Amino acid sequence: MAQFIDKVKIKVQSGKGGNGAVAWHREKYVDKGGPDGGDGGDGGSVYFVSTSNMTTLLDFTYKSIFRAQDGEAGGIKNQYGKAGKDITIKVPIGTIVRDLKTGDIIADMNEDGKTVLIAKGGRGGRGNAKFATSRARAPQFSEPGEAAVERELELELKLIADIGLLGMPNVGKSSFISRISSAKPKIADYPFTTLVPNLGVVKNPNGDSFVVADIPGLIEGAHSGVGLGYEFLRHVERCKFFIHVVDMTSENPISDYKKINEELLKYSKELSERFQIVMLNKQDAVNEETADNLRKEFLKLNQNVFVVSAVSGHGIYELLNYVYIKYEEIPSPEFNLNVKEDKGFNDNDDSAYEVLKLNKNTYSIDGGKIKRLVSVVDVKNIHQIRRLTNILDSMGVFAELRQKGLNEGDTIYVSGLEMIYTGEYN
């Protein structure tokens, strides 16, 4: 049986943008030539796509680092660099993606084929041909490509199932799911036989189908991480309702039933209030009087009680007919994660930036276009530094800084790049 892995940590990295080229046109009979350095290619991006062909995150224990391809540098004669190839990472439906640096949930892969940008490739730098103007006909500089985006992520799988099977260990959930679907779980007569979730697809008479999840049994203390049951609780949150499987041969079936519901309540009040059908299992192992008495006792606790034998098939037809009705009646629970809108960490929004006064002689500007501009500046090239300050001045940044008290000789951190204000922009 394949090992079930439902939480992993991985690293992803997009491709770096290729550098723009500094080059000059050299051709016989062409007067004066001119700049013809081409642009660098964009780096490859990293995407996640959800698929129904995966049921575990096991693959990520063998490979946990994913890198997209860098863009190529620009060339002479206005030749553009080749863009880096994107990579697409497949994850099971129900995977939640969390950024470990911020703690934010950045994607909920809850539909088959859903595609989400996780790390955007760096933009290719512009070649010197792009900077030629009527006043500056021979620009001596180009842009470097934007840096790659690196992210550390946690993937957590919350199974997408319509109906969840509740119950203590060894109550017959695996036998039941093998009876009603084509799933072939491992079945044996000892506790905790279900070490991995089993998903069974059940066909409705009308041709529709739904998914039933058989996941490790609960024990007392499961809500706080005791035993395998905590893993069950993490996976039943998306179920429409539960079938609570009770072993009629247990020493105290009523107590078993109550313990499970107590664990549900401790874990989540909403889960404890979700609709349940009680399945009194192992009818083939008790006499008729015992089964009838237990049914009467359980009807005092829940009005939806069925006496069943998952082994012989007794009562299965009646139970499933009721399940079909409830499946149509009960809507899927709302499962609204706080997913933070994310653009793969390369936000090219040109509109917003923030100006801060850090202390008497130190200021900071960052965000939006500022961050992008600095990322493509070669700090060793005076032409590029001069171009950056010209753009900042045209944006009104220096005027805003002066309103906050900027004076000649003060330090300005431009998205991390340290500059000294010379007082030229007045």
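Residues numbered from 1 in each chain as written. Predicted model: local features only at pLDDT ≥ 70, side-chain atom pairs only at ≥ 80, totals over all residues. Heavy atoms only, no water.

1. Some details on the pairing of strand β20 (residues 417-420)
Part 1: A one-sided burial pattern is seen for β20, the buried positions being Leu-417 and Met-419 and the unburied ones Glu-418 and Ile-420.
Part 2: Pairing geometry for strand β19 (residues 411-414) and β20, over four bridges, is antiparallel. Its bridge partner lying in β20, Ile-412 is registered against Met-419.
Part 3: Counting the residues between successive antiparallel strands, the hairpin from β19 to β20 contains two residues, one of them, Ser-415, with a positive phi of roughly 50 degrees. (Buried < 20%, exposed > 50% of the residue type's maximum accessible area, 1.4 Å probe, protein only. Helix = DSSP H or I, 4+ residues; strand = E, 2+ residues; numbered from the N terminus. Pairing = 2+ DSSP bridges.)

2. A look at helix α6 (residues 288-299)
Part 1: In a regular helix each residue adds 1.5 Å, so 12 residues correspond to 16 Å; α6 covers 17 Å between its end C-alpha atoms and thus fits that length.
Part 2: Here α6 has its buried residues at Ala-291, Leu-294 and Phe-298. The buried residues of α6 all sit within an arc of 65 degrees when viewed along its axis, so they share a single face. Exposed residues pointing more than 90 degrees away from the buried face of α6 are listed as Glu-288 and Glu-289.
Part 3: In this structure, the buried residues of α6 make contact with β14 (241-247), α4 (253-267), β15 (276-281) and β16 (305-307).
Part 4: Two or three places before Glu-289, at the opening of α6, Asn-287 has a side-chain oxygen 3.3 Å from that residue's backbone nitrogen. (Expected span 1.5 Å × (residues − 1). Arc of directions from axis to C-beta. Contact = heavy atoms within 4.5 Å. Polar contact = N/O pair within 3.5 Å; in protein donor to acceptor, adjacent residues only side chain to side chain.)

3. Quick word on helix α9 (residues 382-394)
Part 1: Counted at 1.5 Å a residue, the expected span for α9 with its 13 residues is 18 Å, and the 18 Å between its end C-alpha atoms agrees.
Part 2: For α9, the set of buried residues is Gln-384, Ile-385, Leu-388, Thr-389, Ile-391 and Leu-392. Axial view of α9: buried residues confined to an arc of 160 degrees, hence all on one face.
Part 3: Note on α9: the residue one or two positions beyond its end, Gly-396, has a positive phi of about 90 degrees.

4. So, the packing of α4 against α6
Part 1: It is the contact of α4 with α6, at a shortest axis distance of 11 Å, that shows an interaxial angle of 35 degrees. In this structure, α4 crosses over α6, and the sense of that crossing is right-handed. Residue-level contacts link Pro-253, Ile-254 and Tyr-257 of α4 to Leu-294, Glu-297 and Phe-298 of α6. (Axes fitted to C-alpha atoms, helices over the stretch in contact; angles between N-to-C directions. Left-handed = near helix turned anticlockwise from the far one by under 90°.)

5. Considerations on the sheet that holds β19
Within a sheet, adjacent strands bond to each other through the backbone by hydrogen bonds, running parallel or antiparallel.
Part 1: On the basis of which strands lie adjacent, the open sheet formed by four strands has the order β17-β18-β19-β20 and mixed pairing. At either margin of the open sheet sits one strand with a lone partner, and together these are β17 (354-359) and β20. Here the average twist between neighbouring strands, direction ignored, is 25 degrees.
Part 2: Two strands pair when backbone bridges link them, and strand β18 (residues 362-366) and β19 are joined in this way by four bridges, in the parallel orientation. If you follow Thr-362 over to β19, its bridge partner there is Thr-411.
Part 3: Sitting on the sheet, α9 is in contact with β18, β19 and β20, with an inclination near 80 degrees to β20.

6. Re the confidence of the model for the protein chain
Part 1: Chain-level pLDDT for the protein chain is 82 on average; 84% of the residues reach the 70-or-more range.
Part 2: Mean pLDDT per element in the protein chain: helix α3 (residues 229-235) is the minimum at 60, and strand β5 (residues 65-67) is the maximum at 96.
Part 3: Low pLDDT, under 50, characterises residues 185-195; the predicted model gives this stretch 28 contacts beyond four residues in sequence or across chains.
Part 4: Segment residues 225-229 is flagged for pLDDT under 50; beyond a separation of four residues in sequence, or across chains, it makes 14 contacts in the model. (pLDDT = per-residue confidence, 0-100.)

7. Section: the nonpolar core
Part 1: If you look at the biggest cluster of nonpolar residues, it comprises 34 residues, and the most contacted ones within it are Phe-176, Phe-210, Val-212, Ile-243, Met-279, Leu-319 and Val-323.
Part 2: Listed by contribution, the elements that provide at least two residues to this core are β11 (163-166), α2 (173-180), β13 (209-214), β14, α4, β15 and α7 (316-329).
Part 3: Here the element with the most residues in this core is α7; it accounts for six residues.
Part 4: With sequence-adjacent residues up to four places away left out, Phe-210 is seen in contact with Asp-162, Ile-163, Gly-200, Val-201, Val-202, Asn-204, Val-323, Tyr-324 and Tyr-327.
Part 5: Of all hydrophobic cores here, the second largest spans 24 residues; its members include Val-46, Phe-48, Met-109 and Leu-157. (Core = buried A, V, L, I, M, F, W, Y, C linked by side-chain atoms within 4.5 Å.)

8. A closer look at a nonpolar patch on the surface
Part 1: A cluster of nonpolar side chains, namely Leu-356, Leu-358 and Tyr-413, defines an oily patch on the protein surface of about 250 Å² accessible area.
Part 2: Within the element layout of this structure, Leu-356 appears in strand β17.
Part 3: Relative accessible area serves as the criterion here: at 37%, Leu-356 is assigned to the partly exposed category. (Patch = residues over 30% accessible without salt bridge, like charges linked within 9 Å, V, L, I, M, F, W, Y side chains within 5 Å. Areas by Shrake-Rupley, 256 points an atom, 1.4 Å probe, with all protein chains shown as cover. Salt bridge = Lys/Arg side-chain N within 4 Å of Asp/Glu carboxyl O.)

9. Some details on the packing of α2 against α7
Between two packed helices, what matters for the description is the angle formed by their axes and the separation of those axes.
Part 1: With their axes 12 Å apart at the nearest point, α2 and α7 run at an angle of 80 degrees to one another. Taken together, the axes of α2 and α7 are roughly perpendicular relative to one another. Seen from α2, the contacting residues are Phe-176, Arg-179 and Ile-180; seen from α7, they are Ile-316, Leu-319 and Leu-320.
Part 2: Class assignment for the residues of the contact of α2 with α7 results in five nonpolar, no polar and one charged. (Parallel < 35°, antiparallel > 145°, perpendicular 65-115°, else oblique. Nonpolar A, V, L, I, M, F, W, Y, C, P; charged D, E, K, R; others polar.)

10. Here's the deal with unusual backbone geometry
Part 1: Positive phi, normally seen in glycine, also occurs at Lys-77, with a value near 55 degrees.
Part 2: By the secondary structure assignment, Lys-77 is in the loop between β5 and β6 (87-92).
Part 3: For Lys-77, a relative accessible area of 60% translates into the label exposed.
Part 4: Positive phi, close to 50 degrees, is recorded for Ser-415, a residue that is not glycine.
Part 5: Looking at the secondary structure, you find Ser-415 in the loop between β19 and β20.

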